[in-house]
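Overview (structure and organization)
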Amino acid sequence: MLEGFTNIDFVAHPGVVEWDFLDLWPLERGPLFEGAFSEDTLEHFFLAEQQYILCSLNVLLKPGATARLLMPSFTRLGELAPAAVAPGGFLRETFGVTTPVDGINMGLRFSGHRWLHDDESLSLLARECGFRPEKSVCALSREARFN
């Protein structure tokens, strides 16, 4: 839970508001949010669902607001997969997976991920939803409140 933020999850718990991102968003209320931060969320939705979520979010952001989205990189998974399926690798030893492509598929399905992006595809999705994408590294943001 992040202090100073309205924390949202699909299950309510102390300090967290329950919200299903696929429900109707209160778009008629106009810009409400000064910013948005999401970590390890968007990849659990299919591409069309991601489009709906991001376009709806963009309508509710105040002018000049920042949306920071962190998610696993498809490219990075491709780089890690060979070691995970090599002899002695976690996926080979645990699940018997022997090819990098099968390793990526196992990793996606096992973790509930539905749609991952590389830099190009995430930038395209962001632009389609009205954002101006800017790549950053995981732990650093140009806005200190998102670090």
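Below you will find a few notes about this structure. Per-chain numbering applies: the sequence of each chain, read as written, is numbered from 1 onward. Local features in this predicted model are restricted to residues of pLDDT 70 or higher, and side-chain atom pairs are both shown and tallied only at a pLDDT of 80 or more, whereas totals for entire chains, interfaces and linings draw on every residue. Only hydrogens and water are set aside when side-chain values are computed; all heavy atoms of the structure are taken into account.

Further remarks concern the overall build of the protein chain. The helix and strand inventory of the protein chain stands at five helices and four strands. For the protein chain, the C-alpha atoms occupy an extent of roughly 55 × 35 × 30 Å along the three principal directions. Buried residues in the protein chain amount to 27% of all 147 residues. Nonlocal contacts in the protein chain, meaning residues at least 24 apart in sequence, comprise 65% of its contacts between residues at least 6 apart. For the protein chain, the exposed area adds up to about 9,500 Å²; of that, 59% sits on carbon and sulfur atoms. When the 12 positive and 20 negative side-chain charges of the protein chain are each reduced to one mean point, those points stand 5 Å apart. The numbering of helices and of strands both runs from the N terminus, where a helix is a DSSP run of H or I of at least 4 residues and a strand a run of E of at least 2. Classification of residues uses two cut-offs on accessible area relative to the type maximum, computed with a 1.4 Å probe and protein chains only: under 20% is buried, over 50% is exposed, and between them is partly exposed. For this analysis, residues touch if any pair of their heavy atoms sits within 4.5 Å. Values of accessible area rely on a 1.4 Å probe in the Shrake-Rupley scheme; residue burial ignores everything except the protein chains shown. By the counting scheme adopted, Arg and Lys are positive, Glu and Asp are negative, and His together with the chain ends is not counted. By convention, the point assigned to a charge is CZ for Arg, NZ for Lys, CD for Glu and CG for Asp.

With that out of the way, let us pick up the pairing of strand β4 (residues 61–70). Whether two strands pair comes down to DSSP finding at least two bridges between them. The pairing of strand β3 (residues 33–39) with β4 spans six bridges and is parallel. Residue pairing across strands places F37 opposite R68, the latter belonging to β4. Look down the strands so they point away from you; if going from the first strand over the helix to the second traces a clockwise path, that crossover is right-handed. Crossover connection from β3 via helix α1 (residues 47–60) to parallel β4: handedness right-handed.

Turning our eyes to something else, we now look at the environment of V97. Locating V97 in the fold gives a position in the loop between α3 (90–95) and α4 (100–110). For V97, a relative accessible area of 8% translates into the label buried. Along the backbone, V97 and A86 are 11 residues apart, and their C-alpha atoms lie at a distance of 8.9 Å. Once residues lying within four places of it in the same chain are set aside, the contact partners of V97 are V85, L91, R92, D102, G103 and M106.

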